[in-house]
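Spelled out, the chains give:
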Amino acid sequence: MANPTIKKGSTGTAVRTAQKNLTMRFYDPGPADGIFGAKTESATKWYQSDHGLVADGIIAPQTWRGLDPPTIKKGAKGDAVKMLQQLLTDWAYDPGHIDGIFGTRTEKAVKQFQTDLNLEVDGVVGPITWAMLGS
């Protein structure tokens, strides 16, 4: 199920997920209490502004794509892989062509990134690796 659109006044699990993911990316939404208040709205606007999104404080599909991308590994295909490849390139790692295919070169770049940042080196791009990449 896709994450719902949330904004100031929203409550629940999706808000808590957004708050945790903002915190992992060094934006301070306040406590992960599942209540989308002024501090969460402000952190969301900063995140959106830093990522070239409309800074409206509303977490809709476009903001969710970067804030809560899926866990991916070798063999994956699609937009999340393209985003990964672009982020790796931005960090000066070489994933090969930005083609949306998680192949050997992309896996090698992910593992080098994980090594360099003292993360678990498994070639899997989950929440921590995404956060460190700056998604």
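Preceding this paragraph is the structure being described.
Throughout what follows, the structure given in this document is the object of discussion.

Scoring rules and cut-offs
Residues numbered from 1 in each chain as written. Predicted model: local features only at pLDDT ≥ 70, side-chain atom pairs only at ≥ 80, totals over all residues. Heavy atoms only, no water. Core = buried A, V, L, I, M, F, W, Y, C linked by side-chain atoms within 4.5 Å. Buried < 20%, exposed > 50% of the residue type's maximum accessible area, 1.4 Å probe, protein only. Helix = DSSP H or I, 4+ residues; strand = E, 2+ residues; numbered from the N terminus. Contact = heavy atoms within 4.5 Å. Expected span 1.5 Å × (residues − 1). Arc of directions from axis to C-beta.

## A few points about the nonpolar core
In step 1: Ranked by size, the top nonpolar core spans 15 residues in total, and within it Ile72, Leu84, Leu88, Phe102, Val125, Trp130 and Leu133 carry the most contacts.
In step 2: Put simply, the parts of the chain that give this core at least two residues each are helix 4 (79-90), helix 5 (104-116) and helix 6 (127-133).
In step 3: Tallying contributions element by element places helix 4 first for this core, with five residues.
In step 4: Every residue in contact with Leu133, bar those within four places of it in the chain, is listed here: Leu84, Leu87, Leu88, Trp91, Phe113 and Val125.
In step 5: Ranked by size, the runner-up nonpolar core spans 13 residues in total, among them Ala14, Val15, Ala18 and Phe36.

## Here we look at helix 2 (residues 38-50)
In step 1: In this model, helix 2 (13 residues) spans 18 Å end to end at C-alpha, consistent with the 18 Å of a helix rising 1.5 Å per residue.
In step 2: For helix 2, the full list of buried residues reads Thr40, Glu41, Ala43, Thr44, Tyr47 and Gln48. The buried side chains of helix 2 occupy one side of the element, clustering within an arc of 165 degrees when seen end-on.

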